[in-house]
Amino acid sequence: MKNIAIFASGSGSNAENIANYFAGSDYAQVSLIVANNPNAYVLERARKLNIEALTITKAEFMAADTLIAELKSRNIDFIVLAGFLLLVPEKLIEAYPGRIVNIHPALLPKHGGKGMYGDRVHQAVVAAGDTESGITIHLIDADYDKGTTFFQATCPVLPTDTPDDVATKVHALEYKHFPHVIEEILHTLD
Ligand code: GAR
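## Side note on the site of the ligand
Residues in close proximity to the ligand total 13 residues, the closest being Gly 12, Ser 13, Asn 14, Gly 118 and Glu 174. At a separation of 2.5 Å, an oxygen atom of the ligand approaches a polar side-chain atom of Ser 13. Within the backbone of Asn 14, one N or O atom sits 2.9 Å away from an oxygen atom of the ligand. Protein coverage of the free-state accessible area of the ligand, which is 450 Å², stands at 90%. If you list the elements that add at least two residues to the shell around the ligand, you get α1 (13-23), β5 (100-104) and α7 (163-188).

Shown next, in the form of structure tokens:
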């Protein structure tokens with residue numbers, strides 16, 4: 001059984017969707033949720049899902065050593081960033097090479113980089129007059145949003161769409177694709 005840790009900073013609707021997807025699997029399971037914000041709703045979701053949760057400070061995350069020890073002691077094989085807003089430190093990337101995946105709510109390389117997360121991304125898409133948006137699932141590199149892209153899916157953006165409308169379409173793509181793409185990436189590591 002492969003053990004997945006999900007890192008999230010906010011609501012955690014993707015974390016819950018991924019956990020539910022693997023709940024019936026004998027191949028992989030979500031065995032840990034890590035949040036960098038003690039008030040993040042993802043912690044409530046973890047409690048309801050009966051999944052262990054860890055809350056860490058930004059400083060602990062950046063120092064990485066204690067977190068890496070916590071992950072290794074739980075035999076975590078793979079890390080999923082699902083709405084996680086801190087830059088992943090080099091030490092963590094070295095501890096999990098090719099084993100950290102992120103989802104970005106737009107079509108990278110457009111609308112990525114530091115400070116581009118959640119609603120800000122959808123606002124930028126509408127402000128740019130883009131006719132499509134979507135999701136990018138990519139491996140994590142030392143640079144924000146620059147790792148190898150594994151998967152993209154698109155949705156149309158209509159001239160009348162608000163950022164909230166775009167968010168709804170993008171979330172639907174995330175729920176549909178992220179879990180099975182994680183499973184595909186896991187299989188490439190077998
Ligand atoms: C998701 O749309 C995810 O793509 C985005 O945050 C949202 C989290 O929603 N991530 C980023 O913007 C990272 N740059 P959730 O907490 O409900 O899963």
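Once you've had a look at it, read on.
## Considerations on α7
With 26 residues, α7 extends 35 Å between its outermost C-alpha atoms, agreeing within 8% with the 38 Å of an ideal straight helix rising 1.5 Å per residue. By the largest-angle criterion, His 177 marks the main kink of α7, which is about 35°, and a proline, Pro 179, follows within four residues.

## Side note on the environment of Leu 81
Tracing the backbone through its elements, the reader meets Leu 81 in strand β4 (residues 78-81). Exposure remark for Leu 81: the relative accessible area of 2% places this residue in the buried category. Between the C-alpha atoms of Leu 81 and Asn 102, which are 21 residues apart in sequence, the distance is 4.7 Å. Excluding anything up to four places from it in sequence, Leu 81 contacts Phe 7, Val 88, Ile 100, Val 101, Asn 102, Ile 103, Ile 140 and Phe 178.

Reading guide: rules and limits
- Residue numbers here run from 1 along each chain, matching the order of that chain's written sequence.
- With the structure being a predicted model, the display of local features is reserved for residues of pLDDT at least 70 and the display and counting of side-chain atom pairs for 80 or more, all residues being used for whole-chain, interface and lining totals.
- To get the side-chain values, all heavy atoms of the structure are used, and hydrogens and water are removed first.
- Near residues are defined by distance, with any heavy atom within 4 Å of the molecule or strand qualifying the residue.
- Here a polar contact means two N or O atoms within 3.5 Å. Within protein one must be a hydrogen donor candidate and the other an acceptor candidate, and residues neighboring in sequence count only if both atoms are side-chain atoms.
- Accessible surface area values rest on a Shrake-Rupley calculation with a 1.4 Å probe, where residue burial reflects the displayed protein chains alone.
- Under the scheme used here, helices are H or I runs from DSSP no shorter than 4 residues and strands are E runs no shorter than 2 residues, and both carry numbers assigned from the N terminus.
- Residue count minus one, scaled by 1.5 Å, sets the expected span of a helix.
- By definition, a residue's bend is the angle between the axes fitted to the seven residues ending there and the seven starting there.
- Any residue under 20% of the maximum accessible area for its type is buried, any over 50% is exposed, and the rest in between are partly exposed; the area is computed with a 1.4 Å probe on protein chains only.
- A contact between two residues is defined here by any heavy atoms of the two lying within 4.5 Å.

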